[in-house]
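# Inside the fold
Next come the chains, spelled out residue by residue.
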Amino acid sequence: MNAPQRSTGAAIEIRKASKRYGAFTALNDIDLHIRPGEFMTLLGPSGSGKTTTLNLIAGFTDISSGALEIGGKSVTGLPSHKRNIGVVFQHYALFPHMTVGKNVAYPLTLRGIKGDDRERRVKRALDMVKMADFAHRYPNELSGGQQQRVALARALVFDPPLLLMDEPLGALDKKLREWLQLEIKRIHRELGTTFVYVTHDQEEALVLSDRIAVFNGGRIEQIGTGRELYDNPATLFVGRFIGESTVLRGASDVSGNDTIMTIGSDRVVAHGRLAGDARPVMLLRPERVALKRAGADVVTGENRLSGTIAEAIYLGSGSKYEVRLNDGTIAVVRSPLGASDFAIGDSVDIAFMPADLILLPDDASADVTLT
Amino acid sequence: MPSFPRILLGLFCLLVAVLLLAPTLVVIPMSFNGNKSLAFPPVGFSWQWYGNFFSNPDWTTSFTNSLIVALIVAVVATVVGTLAAFGVTRAAARTGGLLRALLITPMVVPGVVLAIGIYAVYLDTHLVGTVTGFVLAHTMLAIPFVLIAVQASLEVFDRRLETAASSLGAGRLTVFRTVTLPLILPGILSGALFAFITSFDEIIVALFITSPYLKTLPVQIYSSITRDADPTVAAVGTLLFLATSLIIIAGLLFGMRRGRT
């Protein structure tokens, strides 16, 4: 494969950075360290500060306070055209008056690269995104997915040490998005460039990233690998934003090293206890829950909460159920293919082990509808 | 077989077209008149009035004057009007709207009123009968046309392309030259054409600020027709009609070619 040369990715260091627009604080005192060659995703709902962070790195806006270093050098006050960073936009932003080839050659021309050298590098970049046959077409003759591949080639053709992507697949349909995710992952692997990717889609973040920074309300809630965020969320917001979950609330007590929560007439035991005096909530992942007929198949040590099936969804690879528990909480359960079927209205118990509960401090701000 | 209302509609359109075109087309036979009279229908046939236009210094000088003034106006008004369009489009909405209304006044204010004002100022500043005087006055009249044409282009221009170009390494001037300018060029060109025509056929202000030493073509046409009703006027009219038709046809062809790519 004929990819542009492997480059050394740039590290990014953001310290105590804030961005204010008048009275509105878009970004509140964030710290973020991105390693050379890393695929870092900035994940969060709209208005959480992830795109602001990307714009700061790209140089489209200036930070109000704090420090920003790229490749070990402070870039404060450096305009975007001097930063040598590739940027891919959600709306492609290809120049409509230039052919695909001219678009990709544009950053090279600006850098004084001419003739055969330029031709060769344009071809190499277009090969990388499998668009070499389209060099003479105009952008308006291409589909959205093709345009975004050209935009990717244009952003990478000058071998920048850093590539920024702002929801690049947001305007494409699901199948195409999934295929391009794999293409982007492959290109990242081949190049060694640092990728910073903005999305509000947690599944996309999990597919692509080495690490994910979860943004909420202008702050970073947690930075970690997808597995770390899913298995050990630091906050209720992260726990709910990454993957599906059921949140259990109730009066709680501590007994030894266990936390015991009373939900209606039932008691739920979780291993561990929260430091400090925050009110605990329990987070439960759908694949850790077994669905059983009311009172059947009791296993020692398990927690059981009873309820009725409120929704049953057949997914092909299994089924997903929503169970309305006695206190009104909706619990999400995924059952694998071959498990017994339940119908809406059936009386059931959800069963789960104490070790599978995640204990987190309660946080009302995590209850906003996440879409 | 087309229905009766359709035929009626077609006939009506034809009538309107004839009504619009007839005064212009009448000029063509008149320019070949054998006699020195502007009577219609013409009597006889001759090329002499065309000969007169190209040989009589009154006509050639005034034509050259108009051409020079209109060309300078086209350049100056296009540059100033384009810059103004950028300012108006990219200023805050309220400021932009206010500026635009202000800049468009020369189009709205009656020509005679403007002419009186300009004449009064020119008398004091000795600009009557000078190329500078004509250029200044006509530029003022032409700027609104450029502003409107360029602003229409700028409003559909996607500014995110400028951000993209900047991220690829282009400074502000390079962004303008390589991305913004080519994409708003159709608007600028049509603005320039309007500016040229505005100046070239302007008569009201010209009548006030003209002098025996500097006449533009419209002034010459007007004085010729009031003085000796010479068919040379018809010859000039025919030539101008031909020239503008060619420009418009060329513009249409150019537009069609662009539309295809």
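If you're wondering where the values come from, they're calculated on a predicted model, not measured in any experiment.

Glancing now at the overall build of chain A. Counting its secondary structure elements, chain A contains eight helices and 21 strands. For chain A, the C-alpha atoms occupy an extent of roughly 80 × 45 × 35 Å along the three principal directions. Going through the 371 residues of chain A one by one, you find that 41% of them count as buried. Within chain A, contacts between residues separated by at least 24 positions form 66% of all contacts whose residues are at least 6 apart in sequence.

Before going further, it helps to examine the sheet that holds strand β1 (residues 12-21) of chain A. Either a parallel or an antiparallel arrangement is found when strands of a sheet pair, and the pairing is made through backbone hydrogen bonds. Residue and element names in this part refer to chain A. The four strands are arranged β2-β1-β4-β5 in an open sheet whose pairing can be described as antiparallel. Either end of the sheet is taken by a strand with one partner, and the two such strands are β2 (24-34) and β5 (73-74). As paired elements, β1 and β2 share seven bridges and run antiparallel to each other. Residue Ala 17 lies in a different strand from β2, and its bridge partner there is Ile 30.

Moving on to the packing of helix α7 (residues 160-167) of chain B against helix α8 (residues 172-200) of chain B. A pair of packed helices can be characterised by two numbers: the angle between their axes and the separation between those axes. All names here are of chain B. Contact pair α7 / α8: the axes reach a minimum separation of 10 Å and the direction vectors enclose 135°. By the angle class used here, α7 and α8 are oblique. Seen along the crossing, α7 lies across α8 with a hand that is right-handed. Between α7 and α8, the contacting residues are Leu 161, Glu 162, Ala 165 and Ser 166 on the first element and Val 175, Thr 178, Val 179 and Thr 180 on the second. Looking at the contact of α7 with α8 residue by residue, the class counts come to four nonpolar, three polar and one charged.

What follows covers helix α2 (residues 100-110) of chain A. Each α-helix turn comprises 3.6 residues. Residues three or four places apart therefore point the same way. Residues and elements named next belong to chain A. A large share of α2 lies buried, amounting to eight of its eleven residues. Where α2 is buried, its residues contact α3 (115-128) and α4 (144-156). With its phi angle positive at about 75°, Gly 112 sits one or two positions after the end of α2.

On to unusual backbone geometry. All names here are of chain A. In this model, Lys 130 sits at a positive phi of 60°, which is unusual for a non-glycine residue. Within the element layout of this structure, Lys 130 appears in the loop between α3 and α4. A tally of 12 C-beta atoms within 10 Å means that Lys 130 is categorised as exposed. A positive phi angle, close to 50°, is found at Asp 159, a residue other than glycine. Of note, Asp 159 is situated in the loop between α4 and β7 (162-166).

So, about the sheet that holds strand β3 (residues 39-43) of chain A. Residue and element names in this part refer to chain A. On the basis of which strands lie adjacent, the open sheet formed by six strands has the order β6-β7-β8-β3-β9-β10 and mixed pairing. Here the strands that pair on one side only, and so sit at the sheet edges, are β6 (86-88) and β10 (219-224). Pairs of neighbouring strands in the sheet enclose a mean axial angle of 15°, with direction left out of account. Two elements, β3 and strand β9 (residues 211-216), share four bridges in a ladder whose sense is parallel. Pairing of Thr 41 across the sheet is with Ile 212, part of β9.

With that out of the way, let us pick up the interface of chain A and chain B. With 17 residues of chain A in contact, the opposing surface of chain B contributes 15 residues. Ranked by residues supplied to the side of chain A that touches chain B, first place goes to α2(A) with three residues. The residue makeup of the side of chain A that touches chain B, split by class, is eleven nonpolar, four polar and two charged.

With numbering matched to this structure, UniProt assigns "domain: ABC transporter" (unreviewed entry) to residues 12-242 of chain A. Helix makes up 36% of residues 12-242 of chain A and strand 26%, with an end-to-end C-alpha separation of 24 Å.

All names here are of chain A. Within β9, five of the six residues are buried, leaving the element largely enclosed by the surrounding structure. Note: β9 against β10, five bridges, orientation antiparallel. Each bridged residue has a counterpart across the sheet, and for Val 214 the counterpart in β10 is Gln 222. The antiparallel hairpin formed by β9 and β10 contains two residues in its connecting segment, where Gly 217 sits at a positive phi of about 55°.

With that settled, the discussion passes to the environment of Gly71(A). Mapped onto the elements, Gly71(A) comes out in the loop between β4 (65-70) and β5. Contacts of Gly71(A), omitting those with residues within four sequence positions, involve Ala10(A), Ala11(A) and Pro161(A).

Judged by nonpolar contacts, the single largest core of 100 residues is most densely connected at Val104(A), Ala153(A), Leu164(A), Val196(A), Val214(A), Met282(A) and Ile350(A). The contacts of Val214(A), once residues within four sequence positions are left out, are Leu43(A), Gly44(A), Ile220(A), Glu221(A), Gln222(A), Leu229(A), Val238(A) and Phe241(A). Membership of the second largest hydrophobic core comes to 33 residues, among which are Leu147(B), Val150(B), Ala195(B) and Val205(B).

Residue and element names in this part refer to chain B. Taking the numbering used here, the UniProt-annotated feature "transmembrane region" (unreviewed entry) corresponds to residues 63-86, 98-122, 134-154, 175-197 and 233-255. Counting secondary structure, residues 98-122 comes out at 92% helix and 0% strand; the distance between its end C-alpha atoms is 28 Å. Taken end to end, residues 175-197 has its terminal C-alpha atoms 31 Å apart, with 100% of it in helix and 0% in strand.

Before going further, it helps to examine the domain arrangement of chain A. Residues and elements named next belong to chain A. Annotation of chain A at the domain level lists domain 1 (12-240) and domain 2 (248-362). The gap between the C-alpha centroids of domain 1 and domain 2 is 39 Å. Listed per partner, the contact involves four residues of domain 1 and five residues of domain 2. Residues of the side of domain 1 that touches domain 2, tallied by class, amount to two nonpolar, two polar and no charged.

This part takes up the environment of Pro41(B). The residue Pro41(B) is located in the loop between α1 (4-30) and α2 (48-55) in this model. Pro41(B) sits 197 residues away from Thr238(B) along the chain, and the two C-alpha atoms are 16 Å apart.

The next subject is helix α5 (residues 111-125) of chain B. The terminal C-alpha atoms of α5(B) lie 21 Å apart, and with 15 residues this matches the ideal 21 Å at 1.5 Å per residue to within 8%. Immediately beyond the C-terminal end of α5(B), within one or two residues, lies His126(B), with a positive phi of roughly 55°.

Residue and element names in this part refer to chain B. One can describe the packing of helix α3 (residues 57-90) onto helix α4 (residues 93-108) by two numbers: an axis separation of 7 Å at closest approach and a directional angle of 145°. For α3 against α4, the interelement crossing comes out left-handed. Contacts from Ala 84, Gly 87, Val 88 and Thr 89 in α3 reach Gly 96, Leu 99, Arg 100 and Leu 103 in α4. Its residues assigned to classes, the contact of α3 with α4 comprises four nonpolar, three polar and one charged.

What counts, and at which threshold
- The written sequence of each chain sets the order in which its residues are numbered from 1.
- Chains carry letters from A onward and ligands carry numbers from 1 onward, assigned in written order.
- The predicted nature of this model means local features are confined to residues of pLDDT at least 70 and side-chain atom pairs, given and counted, to a pLDDT of 80 or more, with totals for whole chains, interfaces and linings taken over all residues.
- A run of H or I in DSSP becomes a helix once it reaches four residues, and a run of E becomes a strand once it reaches two; helices and strands are each numbered from the N terminus.
- Whether a residue is buried, exposed or partly exposed is read from the other C-beta atoms within 10 Å of its own C-beta, which are placed from the backbone; 20 or more gives buried, 12 or fewer gives exposed, and intermediate counts give partly exposed.
- What counts as a contact here is a pair of residues whose C-beta atoms, placed from the backbone, lie within 7 Å.
- By the convention used here, strands pair only if DSSP detects at least 2 bridges between them.
- Angles shown run from 0 to 180 degrees and are taken between the N-to-C directions of axes, each axis being a line fitted to C-alpha atoms and, for helices, limited to the stretch in contact.
- When describing relative orientation, an angle under 35 degrees is termed roughly parallel and one over 145 degrees roughly antiparallel, while 65 to 115 degrees is termed roughly perpendicular and anything else oblique.
- For any pair of crossing helices, the crossing counts as left-handed if the nearer helix is rotated counterclockwise from the farther one by less than a right angle, and right-handed if it is rotated clockwise.
- Only Asp, Glu, Lys and Arg are considered charged in this grouping, and only Ala, Val, Leu, Ile, Met, Phe, Trp, Tyr, Cys and Pro are considered nonpolar; every other residue, Gly among them, is considered polar.
- UniProt positions are given in the numbering used here, feature names are shortened, and annotations may be inferred rather than shown by experiment.
- Note on terminology: a nonpolar core is a set of buried residues of type Ala, Val, Leu, Ile, Met, Phe, Trp, Tyr or Cys, with members joined through C-beta atoms within 7 Å.
- Domain segmentation is taken from an automatic or database assignment of domains.
- Here the expected span of a helix is defined as 1.5 Å times the quantity of residues minus one.

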